[in-house]
Amino acid sequence: MRYLRSDGRVAIRRPRAGDEAEFVAAARRSRDLHHPWLSAPADAEGYAAYLRRIRRQDTSGFLFCDRASGEIAGYANIGGIVLGALRGGYLGYAAFRPYAGTGHAAAGVRLVIEHAFGALGLHRLEANIQPGNEPSRRLARRLGFRLEGFSPDYLFVDGAWRDHERWAITAPPTS
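Anyway, here's the lowdown on the structure attached to this text. (Residues numbered from 1 in each chain as written. Predicted model: local features only at pLDDT ≥ 70, side-chain atom pairs only at ≥ 80, totals over all residues. Heavy atoms only, no water.)

Some details on the sheet that holds strand β6 (residues 124–129)
Next, step 1: Overall, mixed pairing links the eight strands, which are arranged β1-β2-β3-β4-β5-β6-β8-β7 in an open sheet. The sheet is open, and its two borders are formed by β1 (5–6) and β7 (146–157), each paired with just one other strand.
Next, step 2: Across the face of the sheet, helix α5 (residues 134–142) comes into contact with β5 (88–95), β6 and β8 (160–170) while running at roughly 15 degrees to β8. (Pairing = 2+ DSSP bridges. Helix = DSSP H or I, 4+ residues; strand = E, 2+ residues; numbered from the N terminus. Contact = heavy atoms within 4.5 Å. Axes fitted to C-alpha atoms, helices over the stretch in contact; angles between N-to-C directions.)

A closer look at the nonpolar core
Next, step 1: I78, L91, Y93 and F145 are the most contacted members of the largest nonpolar core, which totals 32 residues.
Next, step 2: Counting residues per element, the ones that place at least two in this core are β2 (10–13), β3 (60–66), β4 (72–82), β5, α4 (104–117), β6, α5 and β8.
Next, step 3: In terms of residues, this core owes the most to one element, α4, which gives nine residues.
Next, step 4: Leave out the neighbours within four places in its chain, and Y93 touches L38, Y75, A76, V109, A127, I129, S136, L139 and A140.
Next, step 5: Among the nonpolar cores identified, the runner-up in size contains 18 residues, and A42, C65, Y75 and A94 belong to it. (Core = buried A, V, L, I, M, F, W, Y, C linked by side-chain atoms within 4.5 Å. Buried < 20%, exposed > 50% of the residue type's maximum accessible area, 1.4 Å probe, protein only.)

Points about the pairing of β4
Next, step 1: For β4, the buried fraction is high: nine of the eleven residues fall into the buried class.
Next, step 2: Of the pairings in the sheet, the one linking β3 to β4 comprises six bridges and is antiparallel in character. Looking across to β4, one finds that F64 is bridged to G74.
Next, step 3: Counting the residues in the hairpin turn of β3 and β4 gives five residues, including G70, whose phi is positive at 80 degrees.
Next, step 4: Where β4 and β5 come together, seven bridges link them in antiparallel fashion. Paired with A76 across the two strands is Y93, which belongs to β5.
Next, step 5: Taking the residues between adjacent antiparallel strands as the criterion, β4 and β5 are bridged by five residues, where G84 takes a positive phi near 70 degrees.

Re helix α3 (residues 44–54)
Next, step 1: Every buried residue of α3 is listed here: Y47, Y50, L51 and I54. Projected onto a plane normal to the axis of α3, the buried residues spread over an arc of 100 degrees and lie on a single side. Exposed residues on α3 whose side chains face more than 90 degrees from its buried face are E45 and R52.
Next, step 2: Against the buried residues of α3 lie α1 (20–29), β3 and β4.
Next, step 3: Two or three places before E45, at the start of α3, stands the capping residue D43, its side-chain oxygen 3.3 Å from that residue's backbone nitrogen. (Arc of directions from axis to C-beta. Polar contact = N/O pair within 3.5 Å; in protein donor to acceptor, adjacent residues only side chain to side chain.)

Description of α1
Next, step 1: Within α1, the full set of buried residues consists of F23, V24, A26 and A27. Buried residues in α1, looked at end-on, bunch into an arc of 160 degrees, giving them a common side.
Next, step 2: In this structure, the buried residues of α1 make contact with α2 (31–34), α3, β3 and β4.

And the structure:
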């Protein structure tokens, strides 16, 4: 398996068509964990659409995997990538059962952030989090994101326009 980055216990890589069965099973197993915050692709058609979306020039997708088993522990996406003076994008992430709460998501998202600020050449990542999503808020805070504001009716999620908090992190200064 070719990983983009690893911390020894968790590694990140690009999703592939061959991951469909494992990804879909993990998404179905984790529905209650994600609802109402997000809907992970939970069937073949949804996974195929997901792969098409993350292969666009303005989007990048990652799986974070348990190194010991190779199993998919969760995923992260960077969408709305803009280069030039901004060099930023929007980060979304989710853990899958049984890895939720084990530190795999924190490690995986940290590796994605490092990859974004390194290989992708980004300077800023924004995570838009619904106010009641405490696990996601804790993760963002733990990884160094700062709360920058509040956006009413910001994203259409689970059949309605939902309020979101805007959390952001910027690349560390280079010397």
